[in-house]
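Survey of secondary and tertiary structure
Chain by chain, the residues run as shown.
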Amino acid sequence: MTMTTRSTAHPAIRVRGLEKSYGKREVLRGVDFDVARGSIFALLGSNGAGKTTIVRILATLLKANAGTAGVHGFDVAAQPANVRESLSLTGQFAAVDEILSGRENLVLVARLRHLKDPGAVADDLLGRFSLTEAGSRKVSTYSGGMRRRLDIAMSLVGDPPVIFLDEPTTGLDPEARIEVWRAVKELAGSGTTVLLTTQYLDEAEQLADRIAILHQGRIIANGTLAELKRLFPPATVEYVEKQPTLEEIFLAIIGGDNSDAADTEHLGGQG
Ligand SMILES: Nc1ncnc2c1ncn2[C@@H]1O[C@H](COP(=O)(O)OP(=O)(O)OP(=O)(O)O)[C@@H](O)[C@H]1O
Ligand SMILES: [Mg+2]
């Protein structure tokens, strides 16, 4: 059921036949996908589907059992140092220092990365993420959405061409999610390639150029939202044509046989 993968000469991320087991538990059973440069790619899956496992393999934090993966043209197994220089990872949990101000956090990261003029780098990022006014305040006074934006801004210090966002809006309220979405869209607009994982279908619908659904260790669908919608003809109900939502497509594709997937509280988000 995997849909066409547009073959690009030099995708920013290329994954082929990726397999990973933890002990006897096979989490990835042959995962394939490409992410085009400058695009936003959403990896969608229920809790435990293996999203973070893929991100960790791509970020060279974890070794695959089989298959290959490349980031920015570098092989994760053979050229891990080049891969690490090409990407930045924002994990599932924020890594900001509460005691410092937003600006101090950014300056600290810029210093650690040996950038020239850390102050200017920090001010530029504060501006891009609408944090200029809050920049001098301690992070402990920030809202969840501001923290998340700062977290993403910190991962952009040094302009990595590829950024991984692992569940960037989990735990945020609807307004904060919209703020983070705006920041992510802005990112891709400036040419950065974004791989994001999410369990929120509306997030993928809002942000992604392409969406891949990870289920039982494989990518079972991969396409644009329009392509995924075409998999399912619109249902006709009393003369009113209804387009399927991504949630309906998701549940139909995975066959509703997954207890996590059936939990629409998680999957529907704010719908
Ligand atoms: N270090 C580990 N040792 C054993 N099992 C693990 C380990 N890391 C992950 N797993 C298992 O592998 C599966 C996939 O985990 P992973 O964290 O990749 O899922 P996920 O899609 O990111 O889930 P979530 O949406 O909850 O973040 C889960 O069943 C998890 O329990
Ligand atoms: Mg995860």
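Residues numbered from 1 in each chain as written. Chains lettered and ligands numbered in written order. Predicted model: local features only at pLDDT ≥ 70, side-chain atom pairs only at ≥ 80, totals over all residues.

Under an unreviewed UniProt entry, the name given to the protein is Glycosyl transferase family 8, and the organism recorded is Streptomyces minutiscleroticus. What UniProt states about the protein under its Sequence similarities (unreviewed entry) heading is, verbatim, "Belongs to the ABC transporter superfamily." As recorded by UniProt, the Subcellular location (unreviewed entry) comment attached to the protein reads in full: "Cell membrane". (UniProt positions renumbered as here; feature names shortened; annotations may be inferred.)

Some remarks on the nonpolar core
Judged by nonpolar contacts, the single largest core of 75 residues is most densely connected at Ala42, Leu44, Leu58, Leu106 and Ala212. For Ala42, the contacting residues outside a window of four places in its chain are Leu196, Thr198, Ala204, Leu207, Ala208 and Ile211. (Core = buried A, V, L, I, M, F, W, Y, C linked by C-beta atoms within 7 Å. Buried ≥ 20, exposed ≤ 12 C-beta atoms within 10 Å, placed from the backbone. Contact = placed C-beta atoms within 7 Å.)

Let's talk about the sheet that holds strand β7 (residues 162-166)
Taken together, the 6 strands give an open sheet; going across it, the order is β6-β7-β8-β3-β9-β10, and neighbouring strands pair in mixed fashion. Every interior strand has two partners, whereas the edge strands, β6 (87-90) and β10 (218-223), have only one. With direction set aside, neighbouring strand axes in the sheet form an average angle of 15°. Those strands touched by helix α6 (residues 174-189) are β3 (40-44), β7 and β8 (193-198), and its axis lies near 150° from that of β8. (Pairing = 2+ DSSP bridges. Helix = DSSP H or I, 4+ residues; strand = E, 2+ residues; numbered from the N terminus. Axes fitted to C-alpha atoms, helices over the stretch in contact; angles between N-to-C directions.)

Examining the sheet that holds strand β4 (residues 66-71)
Read from one edge to the other, the open sheet built from 4 strands follows the order β2-β1-β4-β5, with strand pairing classed as antiparallel. Two strands lie at the open edges of the sheet, namely β2 (25-35) and β5 (74-75), each paired on one side alone. Of the strand pairs in this sheet, β4 and β5 are connected by 2 bridges, and their pairing is antiparallel. Its bridge partner lying in β5, Val71 is registered against Phe74.

Re the packing of helix α3 (residues 102-112) against helix α5 (residues 144-155)
Packed helices, taken two at a time, are described by the angle their axes make and the gap between the axes. Between α3 and α5, the least distance of the axes is 9 Å, while the angle of their chain directions is 20°. By the criterion of interaxial angle, the relationship of α3 to α5 is roughly parallel. When you trace α3 past α5, the crossing you get is right-handed. Residues Gly102, Asn105, Leu106 and Val109 of α3 touch α5, and the partners they reach there are Leu150, Ala153 and Met154. (Parallel < 35°, antiparallel > 145°, perpendicular 65-115°, else oblique. Left-handed = near helix turned anticlockwise from the far one by under 90°.)

Brief notes about unusual backbone geometry
A positive phi angle, near 55°, is found at Ser130, a position not held by glycine. Its identity as a non-glycine residue notwithstanding, Gln216 has a phi of 50°, on the positive side. Looking at where Gln216 falls in the secondary structure, it is placed in the loop between β9 (210-215) and β10. Its 16 C-beta neighbours within 10 Å are what place Gln216 among the partly exposed residues.

Some words on the site of ligand 1
Near ligand 1 you find Tyr22, Val27, Gly45, Asn47, Gly48, Ala49, Gly50, Lys51, Thr52, Thr53 and Gln199, and these make up its full shell. Take the shell around ligand 1: its biggest share by element is 3 residues, from helix α1 (residues 51-58). Here the residues of the shell around ligand 1 sort into 3 nonpolar, 7 polar and 1 charged. (Near = placed C-beta within 6 Å. Nonpolar A, V, L, I, M, F, W, Y, C, P; charged D, E, K, R; others polar.)

Considering helix α4 (residues 118-128)
Of all the positions in α4, only Val121, Ala122, Leu125 and Leu126 are classed as buried. All buried residues of α4 lie within an arc of 130° about the axis, which places them on one face of the element. In α4, the exposed residues that point more than 90 degrees away from the buried face are Gly119, Ala120 and Gly127. Contact partners of the buried residues in α4: α3 and α5. The first or second residue beyond α4 is Ser130, which carries a positive phi of 55°. (Arc of directions from axis to C-beta.)

Some remarks on the pairing of β3
With 5 of its 5 residues buried, β3 lies for the most part within the structure. Relative to β8, β3 is paired through 5 bridges, and the arrangement is parallel. Of the residues in β8, the one forming a bridge with Phe41 is Leu195. Direction of pairing for β3 relative to β9: parallel, over a ladder of 4 bridges. Residue pairing in the sheet places Leu43 in a bridge with Ala212 of β9.

With respect to the packing of α5 against α6
Taken N-terminus to C-terminus, the directions of α5 and α6 make an angle of 20°; their axes are 8 Å apart at the nearest point. Judged by the inter-axis angle, α5 sits roughly parallel to α6. By crossing handedness, the relation of α5 to α6 is classed as right-handed. Here Gly144, Gly145, Arg148, Arg149 and Ile152 of α5 come into contact with α6, specifically with Glu175, Ala176, Glu179, Val180 and Ala183. For the contact of α5 with α6, the residue count by class is 4 nonpolar, 2 polar and 4 charged.

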